[in-house]
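Commentary on secondary and tertiary structure
Residues per chain, in single letters:
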Amino acid sequence: MPNSTPERQAERSRLVFLVGFMGSGKSSVGHELAIRLKCEFVDLDQRIEARIGRSVGAIFRDSGEGEFRRIEHEALKELLRESDSMRLVALGGGAFAQPDNADAIRDVGAITIFLDAPPDVLWRRCQEDPQERPLRGKYEQFAELHRQRMNRYLEASWHIDSSQKTAKEIAADLEQRIHAEFLSQENTR
Ligand code: S3P
């Protein structure tokens, strides 16, 4: 477990990251959970769009994935430098699969939560969601990208099966767990 040493827990930031593939429920769980935790919710893709003044789809189309990853990394670094009030962050599906991003998050000792579901479930959710997803492609490409990223996602602190539960149910479970985690950190300081 990369984040589980006592030293790491003691220095942990109060940022909580939701990670996982497209369609894993990062945004919907994030909204529900932030209400329960009474904390700010940050969707990194939305923050990028607001900062750059272009949609994620337009950045991919005009400048390519490489440029999007550079912007994404900068936006994440900026977020990590900000105040240490408790915030819940949903990352875009590829962000935690980039080693530089995962390292930067680990370096501040933040909790990372992997929302997992099988590729067919993720695909169905993406089909039903009007959001533009430049890397969705055909099902075979989608499932292959999911397979390639799996080991990266599994490096998250916690692993949650999001396939059988609603966003509200997942948020309710996570609320308890996050409170318990922060409470235990307070007690070890
Ligand atoms: C991406 C997922 C998208 C968005 C961008 C790239 C990916 O976010 O960041 O299109 O690489 O999987 P969602 O996971 O919210 O769809």
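Before reading further, recall that the structure is shown in the block above.
To keep things clear, this report deals only with the structure shown in the data block.

**Thoughts on the packing of aromatic side chains**
- Taken as a whole and judged by the stated rule, the model has six aromatic pairs.
- Considering the side-chain rings of F21 and F142, the 4.9 Å spacing of their centres and the 75° angle between planes classify their relative orientation as edge-to-face. Of the two residues, F21 is situated in the loop between β1 (15-19) and α2 (26-37) and F142 in helix α7 (residues 139-153); the sequence distance between them amounts to 121 residues. F142 matches F21 in its accessibility class, with the two residues each being buried.
- When the ring of F60 is compared with that of F68, the centres are 4.9 Å apart and the planes differ by 35°; the resulting orientation is tilted.

**Let's talk about the pattern of salt bridges**
- Across all of its chains, the model carries 16 salt bridges by this definition.
- R36 serves as the salt-bridge partner of E175, at 2.8 Å between the closest nitrogen and oxygen. With E175 in helix α8 (residues 167-188) and R36 in helix α2, this pair connects stretches of sequence that are 139 residues apart.
- The buried category is assigned to E175, whose relative accessible area is 14%.
- Close ionic contact of R47 with E82 constitutes a salt bridge, the shortest N to O distance being 3.0 Å. Placement of R47 in helix α3 (residues 44-52) and of E82 in the loop between α4 (56-81) and β3 (87-90) is noted, with a sequence separation of 35 residues between them.
- For R47, a relative accessible area of 12% gives the class buried.

**Details of the nonpolar core**
- With 36 residues, the main nonpolar core has F17 and L91 as its most contacted residues.
- Those elements that place two or more of their residues in this core are β1, α3, α4, α5 (99-107), α6 (119-128) and α7.
- In terms of nonpolar packing, the next biggest core, distinct from the first, is built from 21 residues, F41, A90, I160 and A171 among them.

**A short note on the sheet that holds β1**
- Across the sheet, five strands lie side by side as β2-β3-β1-β4-β5; this open sheet has parallel pairing. Looking along the sheet, the strands with just one partner apiece sit at the ends: β2 (40-43) and β5 (158-161). Taking each pair of neighbouring strands and ignoring which way they run, the sheet shows an average axis angle of 20°.
- Of the strand pairs in this sheet, strand β4 (residues 111-116) and β5 are connected by four bridges, and their pairing is parallel. Of the residues in β5, the one forming a bridge with L115 is I160.
- α4 rests against β1, β2 and β3 of the sheet, and its axis sits at about 155° to β1.

Rules and cut-offs
- Residues numbered from 1 in each chain as written.
- Predicted model: local features only at pLDDT ≥ 70, side-chain atom pairs only at ≥ 80, totals over all residues.
- Heavy atoms only, no water.
- Phe/Tyr/Trp six-rings, centres within 6.5 Å; stacked < 30°, edge-to-face > 60°.
- Helix = DSSP H or I, 4+ residues; strand = E, 2+ residues; numbered from the N terminus.
- Buried < 20%, exposed > 50% of the residue type's maximum accessible area, 1.4 Å probe, protein only.
- Salt bridge = Lys/Arg side-chain N within 4 Å of Asp/Glu carboxyl O.
- Core = buried A, V, L, I, M, F, W, Y, C linked by side-chain atoms within 4.5 Å.
- Pairing = 2+ DSSP bridges.
- Axes fitted to C-alpha atoms, helices over the stretch in contact; angles between N-to-C directions.
- Contact = heavy atoms within 4.5 Å.

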